[in-house]
Amino acid sequence: MQLVLGVDAGGTSSRAALFTVEGEPVRRGSAGGANPVTLGMEAASANLAEAVRAALSGVSPSRVKAVVVGLAGNPALCASLSDRVLRAALPEAFPTRTDDAAPRVRTVGDVVTAFVSGTASPSGTVLISGTGAVAASIRGHAPVATADGYGWQLGDEGSAFWIGRAAARTAIRAVAATPGPLTSLVVRRLLGECACTTHGDPVARLAEVVHARHPLALAELAPLVSRAARTGDPAAVSIVEEAARRLVRTVSAVHEPGLPIVLSGGVLTPEGPVRDAVRDLLEGAGTVTVAGDAAGAAAWLAAQAFLDPRESRARHTRFTGARPHGERATSWTESG
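Observations regarding the overall build of the chain
Step number 1: Looking only at helices and strands, the chain features 13 helices and ten strands.
Step number 2: In summary, the chain has a C-alpha radius of gyration of 21 Å against a globular reference of 20 Å for 336 residues, a match within 12%.
Step number 3: Considering only C-alpha atoms, the chain reaches an extent of 75 × 45 × 30 Å along its principal axes.
Step number 4: Taking all 336 residues of the chain together, the buried fraction comes to 51%.
Step number 5: In the chain, 66% of the contacts between residues at least 6 apart in sequence involve partners at least 24 apart.
Step number 6: Roughly 14700 Å² of accessible area belongs to the chain as shown, and the carbon and sulfur atoms make up 53% of that amount.
Step number 7: Averaging the coordinates of the 32 positive side-chain charges in the chain and doing the same for the 30 negative ones gives two points 2 Å apart.

Okay, structure coming up:
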């Protein structure tokens, strides 16, 4: 039985998925993040190796015929990281002489695995909104253009950070007046865990606790915006609508009309107000699908070497679990 391994790793988690070429799941592994830029090569290598070892546990390396690794971070560092970890885990997948066949391990960017997790099409666009936000145009399963992804200081418009910061700004302006549902949720979340030195003044207390945390921690407030928007809170609805407009502006900068668009990331993968608003604004731009399992998508890419195009498309959902719009997914953005 021929096996393929897919890996998807970002800044917070690494996931490895072992499948048969036919798309039957065999084993999975997970660990911490493996972005070599943000975590350093040693920590990233250790986490990636842990996920890969768990997925390969009890499996003869000779049975693994191909591997695709999707990594977030600098491409050169990612290629070095993948080579380092996979050579140790699957030495038979690499040539031992210059005249041997090419290695069976391929490294791609995480935007590619995110795109592939939502569609079997080789070309289209992926819009990712998690802690950050970026859109990428994909051609032949390779990125050819990107928009945004500039980080929280310069961009990431419509991301969880952007939404959370807007929520905090709303709260600090409204808490001393008449707090609405969103402000009440934000105050409860932030001040409920606050050992503040400032007493009495809720504005000063909110400012103290926000500035005491890392800026990206504001992304944790994004689910509160979705919750408040569902109740019709005007402040939350306004943030959702503006986040959707900015995300659609980002994806429109690189999208070719008519090609599929895949929505990915913690803000857009689960059912919720932001995803609904984005889909509404994208009506007519092309088929919009929701991302599935990115590690499974990497395994599907690895399996393509053994499948004809018709078989490959037919088995895509076996690997990715990609679902049509309307089927519910849950993630941190749905919690509160």
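Things to note about helix 2 (residues 41–56)
Step number 1: An ideal rise of 1.5 Å per residue puts 22 Å on 16 residues; helix 2 measures up with 22 Å between its terminal C-alpha atoms.
Step number 2: Buried within helix 2 we find Ala44, Ser45, Asn47, Leu48, Ala49, Ala51, Val52, Ala55 and Leu56.
Step number 3: Looking at the buried positions of helix 2, the neighbouring elements they touch are strand 1 (3–9), strand 2 (13–20), strand 3 (25–32), helix 1 (36–39), strand 4 (64–71) and helix 3 (75–89).
Step number 4: With its phi angle positive at about 80°, Gly58 sits one or two positions after the end of helix 2.

A short note on the sheet that holds strand 4
Step number 1: Sheet architecture is open: five strands sit in the order 3-2-1-4-5, paired in mixed fashion. Single-partner strands in this sheet number two, and they are strand 3 and strand 5 (105–109). Averaged over all neighbouring strand pairs, the angle between strand axes comes to 15°, with direction disregarded.
Step number 2: Bridge count between strand 2 and strand 3: seven bridges; the pairing is antiparallel. Note that in strand 3 the partner of Arg15 across the bridge is Ser30.
Step number 3: Its contacts with the sheet put helix 2 on strand 1, strand 2, strand 3 and strand 4, and the angle it makes with strand 3 is roughly 160°.
Step number 4: Across the sheet, helix 3 touches strand 1, strand 4 and strand 5, and the angle it forms with strand 4 is around 145°.

Structural notes on the side chain of Ser312
Step number 1: Its location among the elements puts Ser312 in helix 12 (residues 309–314).
Step number 2: Excluding residues that lie within four positions of it along the chain, Ser312 makes contacts with Trp300, Gln304 and Leu307.

Digging into the nonpolar core
Step number 1: Ranked by internal contacts, the top residues of the largest apolar core, which has 48 residues, are Ile163, Leu182, Val278 and Leu282.
Step number 2: Of all the secondary-structure elements, those providing two or more residues to this core are strand 7 (133–139), helix 5 (160–174), helix 6 (181–191), helix 7 (202–212), helix 8 (222–230), helix 9 (234–252), strand 9 (261–264) and helix 10 (273–281).
Step number 3: In this structure Ile163 touches Gly158, Ala222, Val225, Ile239, Ala243, Val267 and Val274, once residues within four positions along its chain are discounted.
Step number 4: Counting residues in each nonpolar core, the second largest holds 30 residues, with Val4, Val68, Ala120 and Ala297 among its members.

Quick look at the packing of aromatic side chains
The description of an aromatic ring pair rests on the distance of the ring centres and on the angle between the ring planes.
Step number 1: If you walk through the whole model with that rule in mind, you get two aromatic pairs.
Step number 2: Both rings, one in Phe19 and one in Phe319, keep their centres 4.9 Å apart while their planes meet at 40°; by these two values the pair is tilted. Of this pair, Phe19 sits in strand 2 while Phe319 sits in helix 13 (residues 316–320), and the two are 300 residues apart along the sequence.
Step number 3: Judged by its relative accessible area of 1%, Phe19 falls in the buried class.

Procedures and definitions
Residues numbered from 1 in each chain as written. Predicted model: local features only at pLDDT ≥ 70, side-chain atom pairs only at ≥ 80, totals over all residues. Heavy atoms only, no water. Helix = DSSP H or I, 4+ residues; strand = E, 2+ residues; numbered from the N terminus. Rg over C-alpha atoms; globule rule 2.2 N^0.38 Å. Buried < 20%, exposed > 50% of the residue type's maximum accessible area, 1.4 Å probe, protein only. Contact = heavy atoms within 4.5 Å. Areas by Shrake-Rupley, 256 points an atom, 1.4 Å probe, with all protein chains shown as cover. Lys, Arg positive; Asp, Glu negative; His and termini not counted. Charge placed at Lys NZ, Arg CZ, Asp CG, Glu CD. Expected span 1.5 Å × (residues − 1). Pairing = 2+ DSSP bridges. Axes fitted to C-alpha atoms, helices over the stretch in contact; angles between N-to-C directions. Core = buried A, V, L, I, M, F, W, Y, C linked by side-chain atoms within 4.5 Å. Phe/Tyr/Trp six-rings, centres within 6.5 Å; stacked < 30°, edge-to-face > 60°.

Just geometry here; none of it tells us what the structure is for.
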